[in-house]
Amino acid sequence: MSQLLILAVEESENPLVPPIPELVIGLLAFVIVFGFLAKKLLPNINKVLEERREAIEGGIEKAEAAQTEAQSVLEQYKAQLAEARHEAARLRQEAQEQGATLIAEMRAEGQRQREEIVAAGHAQIEADRKAASSVLRQDVGKLATDLAGKLVGESLEDHARQSRVIDRFLDELEEKAEAGR
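Residues numbered from 1 in each chain as written. Predicted model: local features only at pLDDT ≥ 70, side-chain atom pairs only at ≥ 80, totals over all residues. Heavy atoms only, no water.

So, on to the overall build of the protein. For the protein, the count of helices and strands is three helices and zero strands. Along the chain direction, N to C, the helices and strands of the protein fall in the order α-α-α. For the protein, the residues scored as buried account for 4% of the 181 residues in total. If you sum the accessible surface of the protein, you get close to 16200 Å²; carbon and sulfur atoms cover 62% of it. (Helix = DSSP H or I, 4+ residues; strand = E, 2+ residues; numbered from the N terminus. Buried < 20%, exposed > 50% of the residue type's maximum accessible area, 1.4 Å probe, protein only. Areas by Shrake-Rupley, 256 points an atom, 1.4 Å probe, with all protein chains shown as cover.)

Structure follows, in structure tokens:
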């Protein structure tokens, strides 16, 4: 029986069920610790969490603002780039037009100079032809006079008469040459 009594006492002391005084003391200690944590630690934790939430929301707002600003800067850059391209195209067009104008002016100047050179050449040729004709007339006249003097047997040295005869003879030759054309 003593063993039975020991078993009965052991059964009354269940290790899973604590004694009531310990349960009350533990419950009071838990309420005190929980109250302390709720009064002191929980506001600090909430404050830190609120600051973190505000920082995150502020960071998101700042990121959105930065993104909006970056987008506007990108649009401005694209607009400036388009304007610069347009300006470059306009300058290129102006340069081409100026080049074409300059080429046309240079061609006109070259044409004018060519015409001046050709006109000067024609004038020089005409002057040389007249000079050669005059010299040739004198030489032909002298030869004709010498030949006529030898044929006639007397000298035809009268200069005025000689000039008239030579001029008449050459004029007749020119008229025949022109009529033959």
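Glancing now at the pattern of salt bridges. On inspection of all chains with the given rule, the structure shows seven salt bridges. One salt bridge connects Arg53 with Glu50, and the closest N-O pair in it is separated by 2.1 Å. With Arg53 and Glu50 both in helix H2 (residues 20-152), this residue pair falls three residues apart, about one helical turn. Given the relative accessible area of 37%, Arg53 is considered partly exposed. (Salt bridge = Lys/Arg side-chain N within 4 Å of Asp/Glu carboxyl O.)

This paragraph deals with the confidence of the model for the protein. Across the protein, the average pLDDT comes to 83, with 86% of residues at 70 or higher. Mean pLDDT in the protein bottoms out at helix H1 (residues 2-12), which sits at 57, and peaks at H2, which reaches 89. (pLDDT = per-residue confidence, 0-100.)

For the rest of this paragraph, the subject is a nonpolar patch on the surface. On the surface, a nonpolar cluster with roughly 630 Å² of combined accessible area is contributed by Val33, Phe36, Leu37, Leu41, Leu42, Ile45 and Leu49. Tracing the backbone shows Leu49 in helix H2. (Patch = residues over 30% accessible without salt bridge, like charges linked within 9 Å, V, L, I, M, F, W, Y side chains within 5 Å.)

Attention now goes to the environment of Val165. Assignment of secondary structure puts Val165 in helix H3 (residues 159-180). For Val165, a relative accessible area of 38% puts it in the partly exposed group. The spacing of Val165 and Gly141 is 24 residues in sequence and 8.5 Å in space, taken between C-alpha atoms.

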